[in-house]
Amino acid sequence: MNCYILSFDEIGNIEIGYLTSLESLKNIPFDIKRVYYTYDVPVKIKRGFHSHKKLEQVLICVNGSIKVKCFDGQEEKVYLLDKPNEGLYIGPMIWREMYDYAENTVLMVLASELYDEDDYIRDYEKFISYFKK
Ligand code: TYD
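Described in the following lines is the structure provided in the data block. What you see is a predicted model; the values in this text were computed from it and never measured. (Residues numbered from 1 in each chain as written. Predicted model: local features only at pLDDT ≥ 70, side-chain atom pairs only at ≥ 80, totals over all residues. Heavy atoms only, no water.)

1. As for the sheet that holds strand β8 (residues 76-81)
So, step 1. Ordered by their spatial adjacency, 5 strands build an open sheet running β8-β7-β10-β5-β12, and the pairing between neighbours is antiparallel. Two strands lie at the open edges of the sheet, namely β8 and β12 (120-121), each paired on one side alone.
So, step 2. Here 2 bridges tie strand β5 (residues 47-52) to β12, and the two strands are oriented antiparallel to one another. Paired with Ser51 across the strands is Ile121, a residue of β12. (Pairing = 2+ DSSP bridges. Helix = DSSP H or I, 4+ residues; strand = E, 2+ residues; numbered from the N terminus.)

Structure follows, in structure tokens:
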């Protein structure tokens, strides 16, 4: 499955706190064109429920925790994101669902392209149909 956890370096220590730096084509495997984040998500809410045709993303839970279910048409995996120095890379054509948001969770997403609604597949049946061709 074209999803995997990235571990980022932490600079600092327990006395002064930590800093993590993210750089295009260094510790992020694509050129970052867009950054967005979700916050104040009620704990019972599930988000995502879509795939992208071409977009690559890295999801980083900078505060709090979430679970992300990824499905590539064959295999399903659940990732727990609960560390600000960890990211989940999600390649193209992966159905994702985000759930179990802890209170005050901030999910930051780095994306390889500008926002384009035409790159989304929001219909699950349509997503599945891509693998039947
Ligand atoms: P969406 O990607 O569906 O978010 P989630 O999977 O977390 O629920 O986006 C939610 C809404 O925000 C949708 O109407 C599209 C809009 N949006 C933008 O305008 N720009 C962006 O960069 C993103 C990611 C979403």
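2. Comments concerning the layout of surface pockets
If you roll a probe as big as a water molecule over the atoms, it shows you where there is empty space left.
So, step 1. Computed from the structure, the largest pocket encloses a volume of approximately 200 Å³.
So, step 2. Contributing to the lining of the largest pocket are 13 residues, with Tyr36, Arg47, Gly48, His50 and Met98 lying nearest its centre.
So, step 3. Only β4 (34-38), β5, β6 (57-63), β10 (95-99) and β11 (106-111) provide two or more residues apiece to the lining of the largest pocket.
So, step 4. The element that contributes the greatest number of residues to the lining of the largest pocket is β5, accounting for 3 residues.
So, step 5. Split by residue class, the lining of the largest pocket holds 6 nonpolar, 4 polar and 3 charged. (1 Å grid on protein atoms, 1.4 Å probe; cavity = no way out; pocket = protein on both sides within 12 Å on 5 of 7 lines; lining within 4 Å. Points joined across faces, edges and corners; volume = space filled by probe spheres on them. Nonpolar A, V, L, I, M, F, W, Y, C, P; charged D, E, K, R; others polar.)

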